[in-house]
Amino acid sequence: MTKQQRIDEMNRYREQKKRRRDVMFAPVPGLLFVTLLADQLWWVWAGLMSIFAIGSIVYVIQEGKALANLSAEPKAQVATRNVYWVLSGWYVIIVGSVASYKLEAPWWTWILTIGIAVTLPPLYKRFNEAVQSADTVQPVRSELATVNGLI
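The shown structure was predicted, so the numbers you read here are calculated from the model rather than taken from an experiment.

Reading guide: rules and limits
- Residues numbered from 1 in each chain as written.
- Predicted model: local features only at pLDDT ≥ 70, side-chain atom pairs only at ≥ 80, totals over all residues.
- Heavy atoms only, no water.
- Patch = residues over 30% accessible without salt bridge, like charges linked within 9 Å, V, L, I, M, F, W, Y side chains within 5 Å.
- Areas by Shrake-Rupley, 256 points an atom, 1.4 Å probe, with all protein chains shown as cover.
- Salt bridge = Lys/Arg side-chain N within 4 Å of Asp/Glu carboxyl O.
- Helix = DSSP H or I, 4+ residues; strand = E, 2+ residues; numbered from the N terminus.
- Buried < 20%, exposed > 50% of the residue type's maximum accessible area, 1.4 Å probe, protein only.
- Axes fitted to C-alpha atoms, helices over the stretch in contact; angles between N-to-C directions.
- Parallel < 35°, antiparallel > 145°, perpendicular 65-115°, else oblique.
- Left-handed = near helix turned anticlockwise from the far one by under 90°.
- Contact = heavy atoms within 4.5 Å.
- Nonpolar A, V, L, I, M, F, W, Y, C, P; charged D, E, K, R; others polar.

(A) Expanded view of a nonpolar patch on the surface. Taken together, the side chains of Phe33, Val34, Leu37, Leu41, Trp43, Val44, Trp45, Leu48 and Ile51 define a hydrophobic patch exposed on the protein surface, amounting to about 870 Å² of accessible area. Elements represented by at least two residues in the nonpolar patch include exactly α2 (27-37) and α3 (42-68). Here the nonpolar patch gets five residues from one element, more than from any other, and that element is α3. With respect to the element layout, Ile51 can be found in helix α3. Overall, the relative accessible area of 57% leaves Ile51 in the exposed class.

In structure tokens:
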């Protein structure tokens, strides 16, 4: 399978799942804002945000598996899945930092959160490079962008 065929296949996959992705992701920024502003029932908004974020994480991981399955190289498959795990890590950092803020978490929680946030970009870069070295025709996530903005 050529690189363009793989990109087209992933675009078809994304088009099929577009509605689910939009339903899962769209409320997260609004719920994040409301959670930060709410004083009394912030835990309700944080719970809703967590549910939608978990749905988005599941979608991201499934997309990673679908893209990984397009490659015949085991190392490229593992690296592709790892790229999507790193992306889901950003959801965890965002939701976790909001919950930590509202729960008035101790200082070491913030050090841990910052440490993980600093670690994610180099891991993302490393796994993308591993995908390219293991299978040169396997597209990385940034190459999947289309006119519709499906990144």
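So, next bit.
(B) Broad picture of the packing of α2 against α3. Across the interface, α2 lies against α3 with an axial gap of 9 Å and an inter-helix angle of 160°. Taken together, α2 and α3 sit at an angle that is classed as roughly antiparallel. Of the two possible hands of crossing, α2 and α3 adopt the one that is left-handed. Mapping the contact onto sequence places Pro27, Val28, Leu31, Leu32, Val34 and Thr35 in α2 and Trp42, Trp45, Ala46, Leu48, Met49, Phe52 and Ala53 in α3. Taken together, the residues that form the contact of α2 with α3 break down as twelve nonpolar, one polar and no charged.

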